[in-house]
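# Geometric and topological summary
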Amino acid sequence: MSDSKVVLQDSKSGQAHELPVHQGTYGAPVIDITSLNKQTGYFTYDPGFVSTASCKSDITYLDGNEGELMYRGYPIEQLAEKCNFLEVCYLLLHGELPNVGEKESFENSIVTHTLINESLLNFFKGFHYDAHPMAMMTGVVGSLSAFYHDSLDIQNPQHRMETAHRLIAKMPTIAAAAYKHRMGEPFMYPQNHLNYCGNFLHMMYARPVEEYEVDPMAEKALDILFILHADHEQNASTSTVRLAGSSDANPYAAIAAGIACLWGAAHGGANEAVLKMLDEIGDVKNIEKYLAKAKDKTDSFRLMGFGHRVYKNFDPRAKIIKTICHQVLEKYGDDPRMELAMRLEEIALKDEYFIERKLYPNVDFYSGIIYSALKFPVEMFTVMFAIARTAGWISHWIEMIADPSKKIGRPRQLYTGPASRNVPDISQRG
Ligand code: ACO
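Quick summary incoming for the structure in this document. Since the model is a prediction, treat every value here as computed from it, not as a measurement. (Residues numbered from 1 in each chain as written. Predicted model: local features only at pLDDT ≥ 70, side-chain atom pairs only at ≥ 80, totals over all residues. Heavy atoms only, no water.)

## Section: the pattern of salt bridges
- Under the defined criterion, the tally for this structure stands at 18 salt bridges.
- Between Lys-322 and Glu-345 there is a salt bridge, and its shortest N-O distance comes to 3.3 Å. Remark: Glu-345 occurs in helix 15 (residues 336-350) and Lys-322 occurs in helix 14 (residues 316-332); sequence separation between them is 23 residues.
- Residue class for Lys-322 comes out partly exposed when judged on its relative accessible area of 26%.
- Note on Glu-345: relative accessible area 7%, which makes it buried.
- Ionic contacts of the salt-bridge type, sharing partners, join the residues Asp-279, Asp-335 and Arg-337 into one network. (Salt bridge = Lys/Arg side-chain N within 4 Å of Asp/Glu carboxyl O. Helix = DSSP H or I, 4+ residues; strand = E, 2+ residues; numbered from the N terminus. Buried < 20%, exposed > 50% of the residue type's maximum accessible area, 1.4 Å probe, protein only.)

Below you can see the structure in the form of structure tokens.
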């Protein structure tokens, strides 16, 4: 794997150190610094992992300059067009798309795991009615480990895969239960004759007192959104799952850590933040004012749904989402926020500040408008992201645990605090 070397010259001692360089299938070459500290006594400093590859991975590749995204080598556009979400889950977990038999047996396995233990339903009752559903998701998913002692040997590949199936199957059930709790409505059990997204919509919107028919368009739109959100290589929440799981913590705890990280407005919480921002802007005539706020370094306001650590071009997911957004709004009626979002995008893309910094709309810029058209409350947007991303999180967790070179994640630091000093007597403290 090592193709070349870089030489690090220490200007103080004059000593030179050779470090191997690895080239993956695609992407920038990486300097292997695993021997750096032993060779030189130095650590590296890279807040936010801006220049650091934290692991090797076979799962997802994205090229931020070209605006390309692939799962296991398949372009996201083709997956969104030709596959359903469960096929993509299978692909992420196993490395290949399922054939007819594998697809059927995977779907059957997911269906057998859609129920949650009845006593888990009591957990929701402990939450206040207005608890944010992401708070419930973090708590309830973390608690799943308490129910599956028989299959929690993380060194056993079968147990790992069973955990993956359980999580993918139960996330919509838990998410819908969180929603029903907020609404004060009875929990709806999964309907296994429905497909993955149809079942989720049913658990969300059906009520025991009346018939509910799943709308095929809503089901399809949701399925595509889930495919687009299923994985995104070493993003903050996936890296959190890997770090939490690196201590051999149980996978439910690791996924709960990922959910907590995803909740932040700089990550999965952005779709919720975009709609709040559009509501705040309110009218096309206010766009300039808000753009000025976004550019003002003394103002903490940022254009939500814009910018990405890796994409310095259009996010390929945002392009697909914008198309679905038009289709959904055509059927469910216009949303004035769509026009506002499109004008905002148009104006920002012509603005020198955004051009210079290569800030483009990201996956979350339009997804919230679709969710809103499908009548999902704003607080559920990030929950939907979490359902989809569970497939990626658990695939990364499996990849990490199965890797014989796995180590506990333990970054170093640049200490900048006080030098060693003596504790003064309390009477002498200022
Ligand atoms: N609005 C205004 N300015 C921005 C924005 C924005 N949305 N995003 C970045 N910038 C500016 C920064 O102020 C900075 O300017 P400077 O060079 O003059 O200091 C420059 O662009 C680079 O930004 P960083 O914050 O250094 O970029 P980073 O890679 O750390 O952050 C992030 C990426 C967090 C996504 C950022 O673009 C952001 O906050 N966007 C809004 C939130 C959002 O949409 N998040 C969803 C991301 S996608 C996802 O997680 C699914």
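So that's the structure; there's more coming.
## Focus on the pairing of strand 5 (residues 68-71)
- With four bridges joining them, strand 4 (residues 60-63) and strand 5 adopt antiparallel strand pairing. Along strand 5, the bridge assignment pairs Tyr-61 with Met-70.
- What sits between strand 4 and strand 5 in their antiparallel hairpin is a turn of four residues, with Gly-67 showing a positive phi close to 70°.
- Bridge count between strand 5 and strand 6 (residues 74-75): two bridges; the pairing is antiparallel. Looking at the pairing, Met-70 lines up with Pro-75 of strand 6.
- In this antiparallel pair of consecutive strands, strand 5 and strand 6, the connection spans two residues, and Arg-72 shows a positive phi of 50°. (Pairing = 2+ DSSP bridges.)

## Focus on the site of the ligand
- Contacts to the ligand come from 21 residues, most closely from Lys-297, Leu-303, Gly-305, Arg-309 and Tyr-353.
- Residue Arg-309 places a side-chain N or O atom 2.7 Å away from an oxygen atom belonging to the ligand.
- In the model, an oxygen atom of the ligand is placed 3.0 Å from a nitrogen or oxygen of the Arg-357 side chain. (Near = heavy atom within 4 Å. Polar contact = N/O pair within 3.5 Å; in protein donor to acceptor, adjacent residues only side chain to side chain.)

## Some remarks on the packing of helix 4 (residues 100-112) against helix 7 (residues 157-183)
- Orientation of helix 4 relative to helix 7, taken along the N-to-C sense of each, is 65°, at an axis distance of 8 Å. Considering their axes alone, helix 4 and helix 7 lie roughly perpendicular with respect to each other. Between helix 4 and helix 7 lies a crossing whose hand is right-handed. On helix 7, the residues that touch Phe-106, Ser-109 and Ile-110 of helix 4 are His-165, Ile-168 and Ala-169.
- Per-class residue counts for the contact of helix 4 with helix 7 are four nonpolar, two polar and no charged. (Axes fitted to C-alpha atoms, helices over the stretch in contact; angles between N-to-C directions. Parallel < 35°, antiparallel > 145°, perpendicular 65-115°, else oblique. Left-handed = near helix turned anticlockwise from the far one by under 90°. Contact = heavy atoms within 4.5 Å. Nonpolar A, V, L, I, M, F, W, Y, C, P; charged D, E, K, R; others polar.)

## Overview of the nonpolar core
- With 120 residues, the main nonpolar core has Phe-85, Phe-200, Phe-226, Leu-303 and Phe-376 as its most contacted residues.
- The element best represented in this core is helix 18 (residues 381-402), accounting for 14 residues.
- In this structure Phe-85 touches Tyr-196, Asp-223, Phe-226, Ile-227, Ala-230, Ile-387, Ala-388 and Ala-391, once residues within four positions along its chain are discounted. (Core = buried A, V, L, I, M, F, W, Y, C linked by side-chain atoms within 4.5 Å.)

## Details of the packing of aromatic side chains
- Summed over all chains, the structure comprises 21 aromatic pairs.
- Ring centres of Tyr-196 and Phe-226 lie 6.4 Å apart, and the angle between their planes is 75°; this geometry places the pair in the edge-to-face category. Highlighted residues: Tyr-196 in helix 8 (residues 196-205) and Phe-226 in helix 9 (residues 216-229), separated in sequence by 30 residues.
- Overall, the relative accessible area of 10% leaves Tyr-196 in the buried class.
- Aromatic ring contacts, followed pair by pair, group Phe-85, Tyr-179, Tyr-196, Phe-200, Tyr-205, Phe-226, Tyr-371, Phe-376 and Phe-381 into a single cluster. (Phe/Tyr/Trp six-rings, centres within 6.5 Å; stacked < 30°, edge-to-face > 60°.)

## Some details on the environment of Glu-118
- Structurally, the position occupied by Glu-118 is in helix 5 (residues 118-125).
- Assessed through its relative accessible area of 45%, Glu-118 is described here as partly exposed.
- Residues Glu-118 and Thr-173, 55 residues apart in the sequence, show an inter-C-alpha distance of 12 Å.

## Observations regarding unusual backbone geometry
- Positive phi values are uncommon outside glycine, yet Asp-248 reaches one of about 70°.
- Structurally, the position occupied by Asp-248 is in the loop between helix 10 (236-245) and helix 11 (251-262).
- The exposure class of Asp-248 is partly exposed, given its relative accessible area of 40%.
- You will see that Lys-358, though not glycine, has its phi angle at about 50°, which is positive.
- By the secondary structure assignment, Lys-358 is in the loop between helix 16 (352-356) and helix 17 (364-373).
- On the accessibility criterion, Lys-358 (43% relative accessible area) is partly exposed.

Shape descriptors only; they carry no functional weight alone.
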